[in-house]
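Observations on chain architecture
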Amino acid sequence: MSAPSFTSFPSFTSFPELDPGPSTRPPPPQSDNREKDKKHSRKKERGDDADSDGERKRRKHKHKHEKHGKREDKVGDRSEHRHRRRSRSPSRHQGYGGSDDERRKADEDRRYGRAEESALSMSSFKEGLLYITDRKGDPLNVRYGGLHAGDVPKYRLVDGGRKVLGLPSGLSVVYRGRGGVEVALSGRRRMPELTDPSARRMLAAGPTRRLLASSEDRFKYYEEDGFLRITTHRQRQDDQSYREIELSKQRDPDTDDSSSSEESASSDDDSDTTPLTSLQATLKALEERLAAKPDDIPAWLSLLSHTLTTVPIGTKNASKARAEITISVLSRALAAHSSNARSTILRLKYMKAGEELWNDSKLDAEWDDAVQVNDIEIWMAWLDWRVRTSKNLLTEVAEDARRIVRALSFHQDEVGPLRVLWRVGVALRDAGYIERANALFQAQAEYLYHMPAALANKSFEEQLDSLEEFWDSEVPRVGEPSATGWSAWESSNRPDLPPPTPSKPVGLDERIVDPYTRWAASESLADRTRTLSLRSVDDDESADPYAVVLFSDIRPLLISVSSDRARDVFRRIWLAFAGLHIPGFLASLSERLEENTDDRWAYSHLVAPSYLGSIFPDESSARRITADAQAGVLVGREREYGSGFGPVKYWGSGAVEPFDSVGPAKWTMWTSEDVQGIDVALVREIFKQCRISQEDHEWDVLNLAFEAAVSLKGALKVSKTLLASRPDSLPHWAAHARMEYLRGRPNDARKVYHTILGSTCQHRPAESVLWWDWAQMEWLERNDDAALQVIIRSAGVAGSGGIAVLRAKREIENSLTTRLLRAHWKERAPWIKLAALLELLTSTPQSALSLFDSYLNALQHGTPAHEGLTVASLSLLYNHSVVLKNPTPPALLRERAERAIDEYPTNTAVLGVFLEAEKGQGIWGRVRATLGETAADGTGKEKGVARRVAEVWVAGWEKGRWVAEIERTRSGLSAAAEDERTRGSAILWKLFVAFELRAGQPERAKKLLFRAVGECPLVKELYLVAFGPLRAQFSARELNEWADTMAERGVRMRIGIDEVVGEWSGENGRVERRRENEAEGEVDENNARELRRLMPY
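In what follows, the accompanying structure is described. (Residues numbered from 1 in each chain as written. Predicted model: local features only at pLDDT ≥ 70, side-chain atom pairs only at ≥ 80, totals over all residues. Heavy atoms only, no water.)

**Concerning the overall build of the protein chain**
Counting its regular elements, the protein chain contains 47 helices and six strands. Here the protein chain holds 1097 residues, and the buried ones make up 43% of them. A fraction of 64% describes how many contacts in the protein chain between residues 6 or more apart in sequence connect residues 24 or more apart. Split by element, the accessible area of the protein chain, about 60800 Å² in all, is 51% carbon and sulfur. (Helix = DSSP H or I, 4+ residues; strand = E, 2+ residues; numbered from the N terminus. Buried < 20%, exposed > 50% of the residue type's maximum accessible area, 1.4 Å probe, protein only. Contact = heavy atoms within 4.5 Å. Areas by Shrake-Rupley, 256 points an atom, 1.4 Å probe, with all protein chains shown as cover.)

**Examining the pairing of strand β2 (residues 180-185)**
Inspection of the sheet shows strand β1 (residues 171-177) paired to β2 by six bridges, in the antiparallel sense. Within β2, the residue paired with Arg176 across the bridge is Val181. If you look at the hairpin formed by β1 and β2, you'll find two residues sitting between the two strands. (Pairing = 2+ DSSP bridges.)

**Some details on the environment of Gln1001**
Structurally, Gln1001 is set in the loop between α42 (986-998) and α43 (1002-1015). The class of Gln1001 is partly exposed, set by a relative accessible area of 29%. For Gln1001, the residues in contact, after removing those within four places along its chain, are Arg970 and Glu996.

**A word on a positive patch on the surface**
A cluster of basic side chains, namely Lys713, Lys717, Lys720 and Arg743, defines a positive patch on the protein surface. Inspection of the secondary structure puts Lys720 in helix α28 (residues 712-725). Judged by relative accessible area, Lys720 falls into the exposed class, the value being 55%. (Patch = residues over 30% accessible without salt bridge, like charges linked within 9 Å, V, L, I, M, F, W, Y side chains within 5 Å. Salt bridge = Lys/Arg side-chain N within 4 Å of Asp/Glu carboxyl O. Lys, Arg positive; Asp, Glu negative; His and termini not counted. Charge placed at Lys NZ, Arg CZ, Asp CG, Glu CD.)

**Considerations on the packing of helix α12 (residues 360-370) against helix α13 (residues 376-388)**
With their axes 10 Å apart at the nearest point, α12 and α13 run at an angle of 155° to one another. As the angle between them shows, α12 and α13 are arranged roughly antiparallel. Where α12 crosses over α13, the handedness of that crossing is left-handed. Taken together, the residues of α13 that come into contact with α12 (itself represented by Leu363, Asp364, Trp367 and Ala370) are Ile378, Ala381, Trp382 and Trp385. Looking at the contact of α12 with α13 residue by residue, the classes come out as seven nonpolar, no polar and one charged. (Axes fitted to C-alpha atoms, helices over the stretch in contact; angles between N-to-C directions. Parallel < 35°, antiparallel > 145°, perpendicular 65-115°, else oblique. Left-handed = near helix turned anticlockwise from the far one by under 90°. Nonpolar A, V, L, I, M, F, W, Y, C, P; charged D, E, K, R; others polar.)

**Notes on helix α32 (residues 784-794)**
Every buried residue of α32 is listed here: Ala787, Val790, Ile791, Ile792 and Ser794. Phi turns positive one or two residues past the end of α32, at Gly796, with a value near 80°.

**Quick look at the packing of aromatic side chains**
Under the criterion given, the structure shown has 32 aromatic pairs. With a centroid separation of 5.8 Å and an interplanar angle of 25°, the aromatic rings of Trp367 and Trp385 are classed as stacked. Here Trp367, found in helix α12, pairs with Trp385, found in helix α13; they are 18 residues apart in sequence, far enough to count as distant. Here Trp367 and Trp385 have matching classes, each one buried. Within the aromatic cluster, the residues linked to one another by ring pairs are Phe441, Tyr449, Phe570, Trp574 and Phe577. We note Lys362 situated over the ring of Trp358; from NZ or CZ to the ring centre the distance is 5.1 Å. The ring of Phe577 carries Arg429 above its face, with NZ or CZ at 4.5 Å from the centroid. (Phe/Tyr/Trp six-rings, centres within 6.5 Å; stacked < 30°, edge-to-face > 60°. Lys NZ or Arg CZ within 6 Å of the ring centre and 35° of its normal.)

**Concerning helix α31 (residues 767-780)**
With 14 residues, α31 extends 20 Å between its outermost C-alpha atoms, agreeing within 8% with the 20 Å of an ideal straight helix rising 1.5 Å per residue. Of all 14 residues in α31, 13 are buried, a share of seventy percent or more. Arg782 sits one or two positions beyond α31 and adopts a positive phi of about 65°. (Expected span 1.5 Å × (residues − 1).)

**Considerations on the nonpolar core**
If you look at the biggest cluster of nonpolar residues, it comprises 207 residues, and the most contacted ones within it are Trp367, Trp422, Trp574 and Phe1027. With 10 residues, the single largest contributor to this core is helix α16 (residues 434-449). If near-sequence neighbours (up to four positions away) are discounted, Trp367 is found in contact with Met351, Glu355, Ile378, Ala381, Trp382 and Trp385. (Core = buried A, V, L, I, M, F, W, Y, C linked by side-chain atoms within 4.5 Å.)

What follows is the structure in structure tokens.
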């Protein structure tokens, strides 16, 4: 209950008299009394009837004042003088004589005192006195023990409740309700907000009128002889211009009528024209374009995007309505031209929309028609659909994979089958069969990297027969410690080696008492720790039939590939499956990136527990006090931002190298956050046992980057081991020097550069990387002269000074235009960066950016070379202005980052520079526009999983703002859950549920979990959320039904839930079961009562 404002307190009768009353006031002037006597004498002549009426009115007025105990503000001096006149009339002195006269005089004194007090109260309020103290108590309260009901004062809000204590004079209350009061400018009505229904209807309504420019009357006034002739409404008969000698001829009335009729007709034509909105005009233009060229695929896609804007994705039943629109438009597109039927992108969107509307039989027929295109992207989408709708995953997924591999064999495609293998492995892991998934990768790795030379020319079946013998021997396999491989086992006459020792199970937290939560925790822990197949001799193999993987279980899934390209792709796939994802690798597997949707299931590392802890801010920074009070004055706090470079790493293939660092925190491709929660021992064995050749320097650099993320000190030891066997490898020396610099030892890095680059003058392959690393290190260490000298030496120019600088510029430019003209872009990029740094050191940042632009204009937009050079230009400018704090116009970096984020919106390195450029600007509009769901042309943005996760992280980029951005983040995730591209992604649903839990909305999380299980029915982690974080929202009966659903759908459970729960007799269990029994009893009673009511019918 809020306390009333001081200005609303009443004036009590016991207030002290602040001014003398009429009894002690000096008498009024005589002139006034004579005037009053004259008026009173005239009133007496009106008769006794009027006098009696006045007496009744006076008594009624007196009784009213005695009843309420106060006088209204509207009572003025006119009423007081009226009572005084009545008291002085001769008729009033008759009857009881002096006693009645004294009584009336006392009443007048009391009424006058009350009026003066009321006037004083209002004058005090106007002068700023908000209250008056009443120091005189009521003795009747002591006699009767309390206030009388009629004496309780009635409060009246000052100025009708529009004034509030402490409110500035320019503001007043415009609305009072149960939820509070609404304050606005005084004298102005309440303005509608954007969230009001009226505002929403106005925004959603189309235009009702339009200004149509006439082809004839373009201006209201026309120039005549250098003047604008202003017309008037008065009709002048003799309107003659001062230049005319004779009067103008009278116009023909028929001509005037005809002209006026023509004008009215033209105006009618203009007014009858149906106004077209911008959307309607765009759709009309696209229809005309498609009528002229029906095989224009981009035009069809644009038509679909603009048509879908009529149904916002956040409206009710939007998925079904948008699916119907998509089917309608794309069915026209597929039938418009024969070549459209073989368009992959049209087919994919058509099938995604059909999943929302068609029944199972029609959907199967449409998919059979779509896969006839025999494109890998359509096959991958079909396999993803089959996995999500499978009734028996272990059997059906093998048949589907063999069908795809047979179809792709006609194209001699070896990367496509490896993508199928990856998708099958992810499906098995999601369903809980992690041992079988890892066994599949182990067997394929033995086939690719350790096949005996004697079996190279044999058939695929014969090779698999020999591999089965190796598998059944249960010797260590690839990925396990002390494994030597299939080839070494064959060459050693098949020795009997002891199998690896299984890892010991990790104990659960003893504080977990609830059996359902304990069962879920044990299942999750076993899936993370016991990832490799057991042997038949192990003690634990009898507990779970799926813990031991036979070769017959994985043989149908193995594929026959042999090229070096396939071997390199497979080992990177295995790293990604193990949790160590290489940014840009997934994009390199597809020729058409816009058609690749593998990120829906491939980026599972983004929802790992370690990643979720980095994506969501901690409790301390989620809420922040935005202002402090100093001596009663509010002082706003300075805005605090985190680093713009977040945990999500996504860019094109090769755009950022493993040891490229950005920012003062040295943000690289892999950090300690990226290696948390993964099996480090397994990843090390993959790097060790999956080598292709001795000159596999790219693989070794990745190995060193992984070791550096785990421990820089350990990575240097591994680097020295590699350099001992390959002392002439420049990439290895470059990686070693980079690690020395990242460790904080630039002097050790200089020794490496002096040793490797100071002994030769000839250009060697990969030497440019060393020159650029050396120059960049000196520049970041604020040694501009040393960096300039390194660049001059890299160009083969001796000396120093302006002449040497000019010669170095000419030599680098000649090398890029002649010797390196047709070289790989990774060989050209370091020289371009050296030339740009030379311009920056000797000229201005603008000249360095102009040099970058000259080479960017020669590259095709969207290629890895163009993206890599764009990131390099941003990094150079960011280091110059932000890291080194050189004087640079802030708009230079901001505009450059805005243009780059428009070109590459999914590149998180560009996003990091963009956020860093927005720090301190106080403008969230550009950030929100970048993260919004609508493009500049009004169509929806198509975003991948990595971009969605990055946007969730950006919501907490400004410290203390995460709570304010919850609704915006929720709307973005809701749009992603409704989008046909990401709707079937288990990664997105895990993120959405975790977000609602982090936001403190478990009820929403429960509803989302049911939707997630409906979209991804074979993902075990989604089911375990109900037993763990959402345990309080689920009853025991619901969890038992949840477990039955898992068993029906084929989701693996290592231990049956009945074995753990059993007849649970815990205190919580008794209470919960009693509550369920009572609820069931109430339901039965209600049903019985309803049946009795409906019995006659």
